[in-house]
Amino acid sequence: MLTFAIVDDDDYDRNHMHRLLTRIASEMGLKAEILLYNNGLDFLAAPCCDLVFMDIHMDPLDGLKTARLLREKCMTVILVFMTAGENHYPDAFSVRAFDYIRK
């Protein structure tokens, strides 16, 4: 079973992404557990997962700081940032992000 995490402080965005991932996993016949977190601190307290979709602009720990801490405990997770801003590309890829999606 694959484990996906969605880390976003916006309820609408987090739930929308959950619906999308649920549908895609079902269509592909994947067994997936999708975990939801509304901040980086709660996410970091959880075990490592296979794929993470993370917002950059969050409190109390932003997505970039969360990703740096994540990389200390889990280097193999696939990390995709989701954000409304476009000026974080260099920072996002410095923490080995797989992709950067603009909301």
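The coordinates are above.
Residues numbered from 1 in each chain as written. Predicted model: local features only at pLDDT ≥ 70, side-chain atom pairs only at ≥ 80, totals over all residues. Heavy atoms only, no water.

1. Structural notes on helix 3 (residues 63-73)
Each full turn of the α-helix corresponds to 3.6 residues, which orients residues three or four apart in the same direction.
Consideration 1: For helix 3, the complete set of buried residues consists of Gly63, Leu64, Thr66, Ala67, Leu70 and Arg71. What you see down the axis of helix 3 is that its buried residues fit within an arc of 155°, all on one side.
Consideration 2: You can read the cap of helix 3 off the contacts: a side-chain oxygen lies 3.0 Å from the backbone nitrogen of leucine 64, and it is on aspartate 62. (Buried < 20%, exposed > 50% of the residue type's maximum accessible area, 1.4 Å probe, protein only. Helix = DSSP H or I, 4+ residues; strand = E, 2+ residues; numbered from the N terminus. Arc of directions from axis to C-beta. Polar contact = N/O pair within 3.5 Å; in protein donor to acceptor, adjacent residues only side chain to side chain.)

2. Examining the environment of tyrosine 100
Consideration 1: As for its position among the elements, tyrosine 100 is in strand 5 (residues 99-102).
Consideration 2: With relative accessibility at 7%, the residue tyrosine 100 sits in the buried group.

3. Some words on the sheet that holds strand 4 (residues 78-83)
Consideration 1: Ordered by their spatial adjacency, 5 strands build an open sheet running 2-1-3-4-5, and the pairing between neighbours is parallel. If you trace the sheet from one side to the other, it starts and ends with strand 2 (32-37) and strand 5, each paired once. Taking each pair of neighbouring strands and ignoring which way they run, the sheet shows an average axis angle of 15°.
Consideration 2: Sheet topology places strand 3 (residues 51-55) next to strand 4; 5 bridges connect them, and they run parallel. Bridge pairing in strand 4 places leucine 51 opposite isoleucine 78.
Consideration 3: Across the face of the sheet, helix 1 (residues 11-28) comes into contact with strand 1 (2-7), strand 2, strand 3 and strand 4 while running at roughly 175° to strand 2.
Consideration 4: Running at roughly 175° to strand 4, helix 3 makes contact with strand 3 and strand 4 of the sheet. (Pairing = 2+ DSSP bridges. Axes fitted to C-alpha atoms, helices over the stretch in contact; angles between N-to-C directions. Contact = heavy atoms within 4.5 Å.)

4. So, the environment of methionine 54
Consideration 1: Tracing the chain through its elements places methionine 54 in strand 3.
Consideration 2: Put simply, methionine 54 and alanine 67 are 13 residues apart on the chain and 8.6 Å apart in space, counted from C-alpha to C-alpha.

5. Quick word on the pattern of salt bridges
Consideration 1: Taken as a whole and judged by the stated rule, the model has 5 salt bridges.
Consideration 2: Residue lysine 103 is joined to aspartate 8 by a salt bridge in which the shortest nitrogen-to-oxygen separation is 2.7 Å. One end of the pair, lysine 103, is in the segment after strand 5; the other, aspartate 8, is in the loop between strand 1 and helix 1, and 95 residues separate them in sequence.
Consideration 3: Judged by its relative accessible area of 44%, lysine 103 falls in the partly exposed class. (Salt bridge = Lys/Arg side-chain N within 4 Å of Asp/Glu carboxyl O.)

Scope: geometric values only; no functional claims are made or implied.
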